[in-house]
Amino acid sequence: MADMTPSDTSGGPDAAALDEVVAFTSELIRIDTTNRGSGDCRERPAAEYVAERLADAGIEPTLLERTPGRTNVVARIEGTDPSADALLVHGHLDVVPAEPADWRLHPFSGEVRDGVVWGRGAVDMKNMDAMVLSVVRAWARDGIRPRRDIVLAYTADEEASAEDGSGFLADQHPELFEGCTEGISESGAFTFHAGPGMALYPIAAGERGTGWLKLTAHGRAGHGSKVNRANAVSRLAAAVARIGSHPWPVRLTPTVRAALAELAALYDIDTDVNAEHFDTEGLLGKLGPAAALVEPTIRNSANPTVLEAGYKVNVIPGQATAYVDGRMVPGGEEEFRTTLDQLTGPDVEWEFHHREVALQSPVDSPTFAKLRAAVERFDPAGHVVPYCMSGGTDAKQFSRLGITGYGFSPLKLPPGFDYQALFHGVDERVPVSALHFGVRVLDHYLKSA
């Protein structure tokens, strides 16, 4: 195989790779890997699909399961520099549910119509799975090897607890990721149109922590017609109302400050984001659409999502339960705990139903600079900015192994294409031209990494 160094990365992926990324995206979408969080998802058919195409390219895949049918695929491409740290490139194979009646085209059709691939997973994240697959197969055809080892991981269960996916891999098979210090995955380097002529490419350099909460209120059961000042439903409802309306204070992390600084510069706004009394809300009000990239991550949050209580309209139950989707900015967990104690009060208990750590990756690193350069090489008019994800990815699980993560699944999208709204949304789809852009950018970055 030919060696590939940063100075000879001009050759791009071949025509076959551009055809394959469309076919792979479509065919992976047709494999229904719906994850409802109930344990009935079976990623194995998609994992076998990926493994077969890696093996066809001479890349040896390893299939691993914690639970039968919940299959992960891991493979390593050996680099030319044994002294270099390895790079993890990971994507998940499961998708969130989709109701066919709500969609214009069936969510598992994978139909390619008018230059667009339709279906659940088109942006989250079978598109990235397909892009990576097409890139490494093109390398195999051309005899190309990257400078550093690249570990590929196609995971199960990302859309739920990750216990059968990246969590299982990190805990039970850390040897497969030996030497990996950094990783790239979903939710970054997509076009965000912030106004006429303002195309941003946010690259994720952080994630808020996840804290899914279970709230339990206890009271005195009784007849619905009687006075009951120990009503569990009332106690729970009051706590939920307090949580839902709580004004969390601004808590800026280095990643978010860097995002605000770069956005302010792009909009010619003179401000010092490091000033003691910096007006975060004031700056967001001047950023127009671009404020949406930052606003969800300037503070902790807690949104009630599920209520469970009672079994008959004239019976007051002795217990009521609620679930809350909590998110914590890096460094904000103590504030989160203390605030929840205050908001729930003495009559409602709360606990973490599911918890994942917050992440923060450096934006002044050589890796971020190379990610920026790869995007701007193929869209010189675009502006790369760092940002923090409001949600989370498998990078949280792989961070247990000391792997720093970046959100980088590049797509060049036309104006009016709301990428973020399609995550877990109806009519999920991706333009063919965006897939081709992603293949070119990934090919260039992975060769130069």
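That block above? That's the structure.
Just so it is clear, the structure is predicted and the values come from calculations on it, not from any experiment. (Residues numbered from 1 in each chain as written. Predicted model: local features only at pLDDT ≥ 70, side-chain atom pairs only at ≥ 80, totals over all residues. Heavy atoms only, no water.)

A. Spotlight on the pattern of salt bridges. Summed over all chains, the structure comprises 28 salt bridges. Put simply, Glu 20 and Arg 137 hold a salt bridge, and the shortest N to O gap is 2.8 Å. Taken together, the positions of Glu 20 in helix H1 (residues 15–30) and Arg 137 in helix H3 (residues 126–142) put the pair 117 residues apart, joining distant regions of the chain. Arg 137 carries the same exposure label as Glu 20, and that label is buried. Across the pair Glu 335 and Arg 251 runs a salt bridge, and its minimum N-O distance is 3.4 Å. (Salt bridge = Lys/Arg side-chain N within 4 Å of Asp/Glu carboxyl O. Helix = DSSP H or I, 4+ residues; strand = E, 2+ residues; numbered from the N terminus. Buried < 20%, exposed > 50% of the residue type's maximum accessible area, 1.4 Å probe, protein only.)

B. Structural detail: the layout of surface pockets. By volume, the largest pocket is sized at about 1,100 Å³. In terms of lining residues, the largest pocket is bounded by 47 residues, among which Glu 159, Arg 327, Gly 391, Gly 392 and His 424 are the most central. Those elements giving two or more residues to the lining of the largest pocket turn out to be strand S12 (209–218), strand S14 (301–309), strand S16 (319–328), strand S17 (348–356), strand S19 (383–389) and helix H11 (419–422). Looking at side-chain class alone, the lining of the largest pocket contains 14 nonpolar, 18 polar and 15 charged residues. The wall of the second largest pocket is formed by Trp 212, Leu 213, Thr 305, Val 306, Tyr 323, Val 324, Asp 325 and His 353. Considering every element that reaches the lining of the second largest pocket, the biggest residue donor is S16, with three residues. (1 Å grid on protein atoms, 1.4 Å probe; cavity = no way out; pocket = protein on both sides within 12 Å on 5 of 7 lines; lining within 4 Å. Points joined across faces, edges and corners; volume = space filled by probe spheres on them. Nonpolar A, V, L, I, M, F, W, Y, C, P; charged D, E, K, R; others polar.)

C. Spotlight on empty space enclosed by the protein. All told, the structure shown has two cavities of 30 Å³ or more when counted by the stated rule. If you add up the space inside the largest cavity, you get close to 70 Å³. What lines the largest cavity is a set of 17 residues, and nearest its centre among them are Glu 207, Ala 395, Gly 405, Tyr 406 and Gly 407. When residues of the lining of the largest cavity are traced back to their parent elements, those giving at least two are strand S9 (180–185), strand S11 (199–207) and strand S20 (404–407). Take the lining of the largest cavity: its biggest share by element is four residues, from S11. Its boundaries defined by the atoms lining it, the second largest cavity holds a volume of some 30 Å³. Along the walls of the second largest cavity sit Val 89, His 90, Gly 91, Met 128, Asp 129, Val 132, Ala 153 and Tyr 154, which together make up its complete lining. Where the lining of the second largest cavity is concerned, the elements lending two or more residues are strand S4 (86–92), H3 and strand S8 (150–155). Among the residues making up the lining of the second largest cavity, the classes are represented as five nonpolar, two polar and one charged.

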